[in-house]
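Working through the structure, step by step
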Amino acid sequence: MTNSFSHSGKLYLLPTTLGDNDPLDVLPASVQQQVKRIDFFIAENEKTARRAIKKLAPEKSQPALNFSLLNKHTDPAEIPSFLNPCKEGQDVGLLSEAGCPGVADPGAEVVKVAHNQGIQVIPMVGPSSILLAMMASGMNGQNFAFNGYLPIDKSERKSEIRALEKLSLEKNQAQSFIETPYRNNKMLEDLIQVLSPATRICVACDLTLASEFIATRTASEWSKTKVDLHKRPTIFILQKDY
């Protein structure tokens, strides 16, 4: 196997902030340098992507920017064309709405195409709410899983919580997941109700922001705790030790 690539243009995976804070508080200068240099971007939402770029590179000409949108409305057949600039020697930047592209993010589809087309993929350093939550949880960082969103249906959600608790005990594996922010309080209520009293729950909320809140307690301890998670981006992690 050689290290050669089919095209000279590269795909840069560009993290963004997890909230409305100064990007240079959480992003390295190397991300800013690439944003200043690149004119072709792939993003979920053009408006928020432009805002993120403007924060990092206020002097950059906004009319000169080119955007391809990758979201639930995107026809999968269009995705390969998003990387056409790479075939012409131009680098492309993949921006996440929040955090790292390709992780709990639709950008993975673009990265898959890039590998298939022989385009070099370059991940840049930035905040991942999943990893930050795991780091701060005190749970098993050697063996953990991210499960995305749990079912919306109440009975199905409770069944899934029980299944994750069982899996956590069997594999000594921390189980992380997210919820739509306006349902966070209900999610914590369900965890407290369904899980064994000694099962640990980490709630990691507003990561990297001034309002950041991270706490790991047993389900029993959480039942005596008041915390408002409404509309605050939150990672939940559970682990059953015995």
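It should be emphasised that the depicted structure is a prediction, and the values quoted were computed from it without experimental measurement. (Residues numbered from 1 in each chain as written. Predicted model: local features only at pLDDT ≥ 70, side-chain atom pairs only at ≥ 80, totals over all residues. Heavy atoms only, no water.)

Per the secondary structure count, the chain includes eight helices and 10 strands. Expressed as a percentage of contacts within the chain between residues at least 6 apart in sequence, the contacts between residues at least 24 apart total 74%. On the chain, roughly 12,500 Å² of surface is accessible, and the fraction owed to carbon and sulfur atoms is 51%. A distance of 3 Å separates the average location of the 27 positive side-chain charges in the chain from that of its 27 negative side-chain charges. (Helix = DSSP H or I, 4+ residues; strand = E, 2+ residues; numbered from the N terminus. Contact = heavy atoms within 4.5 Å. Areas by Shrake-Rupley, 256 points an atom, 1.4 Å probe, with all protein chains shown as cover. Lys, Arg positive; Asp, Glu negative; His and termini not counted. Charge placed at Lys NZ, Arg CZ, Asp CG, Glu CD.)

Below, the discussion takes up the nonpolar core. Ranked by internal contacts, the top residues of the largest apolar core, which has 18 residues, are Phe177, Leu191, Ile201 and Phe236. With four residues, the top contributor of residues to this core is helix α7 (residues 184-194). Those residues in contact with phenylalanine 177 that lie beyond four places of it in its chain are Phe146, Asn147, Gly148, Leu150, Leu164, Met187, Leu191, Thr234, Ile235, Phe236 and Leu238. Of all hydrophobic cores here, the second largest spans 17 residues; its members include Val31, Val35, Ile38 and Ile53. (Core = buried A, V, L, I, M, F, W, Y, C linked by side-chain atoms within 4.5 Å. Buried < 20%, exposed > 50% of the residue type's maximum accessible area, 1.4 Å probe, protein only.)

Looking now at the pairing of strand β8 (residues 200-205). Extensive coverage of β8 is indicated by the burial of five of its six residues. Here six bridges tie β8 to strand β10 (residues 234-239), and the two strands are oriented antiparallel to one another. In the sheet register, cysteine 205 faces β10, and the bridge partner there is threonine 234. (Pairing = 2+ DSSP bridges.)

Here we take up the sheet that holds strand β9 (residues 213-218). Taken together, five strands build an open sheet; the order of strands is β6-β7-β10-β8-β9 and the sheet is mixed. Because the sheet does not close on itself, it has two edges, and the strands there are β6 (144-149) and β9. In this sheet, neighbouring strand axes are inclined to one another by 20° on average, regardless of whether the strands run parallel or antiparallel. Sheet topology places strand β7 (residues 174-178) next to β10; four bridges connect them, and they run antiparallel. Counterpart to serine 176 in the pairing with β10 is isoleucine 237. Sitting on the sheet, helix α5 (residues 129-137) is in contact with β6, β7, β8, β9 and β10, with an inclination near 45° to β10. Running at roughly 5° to β10, α7 makes contact with β7, β8 and β10 of the sheet. (Axes fitted to C-alpha atoms, helices over the stretch in contact; angles between N-to-C directions.)

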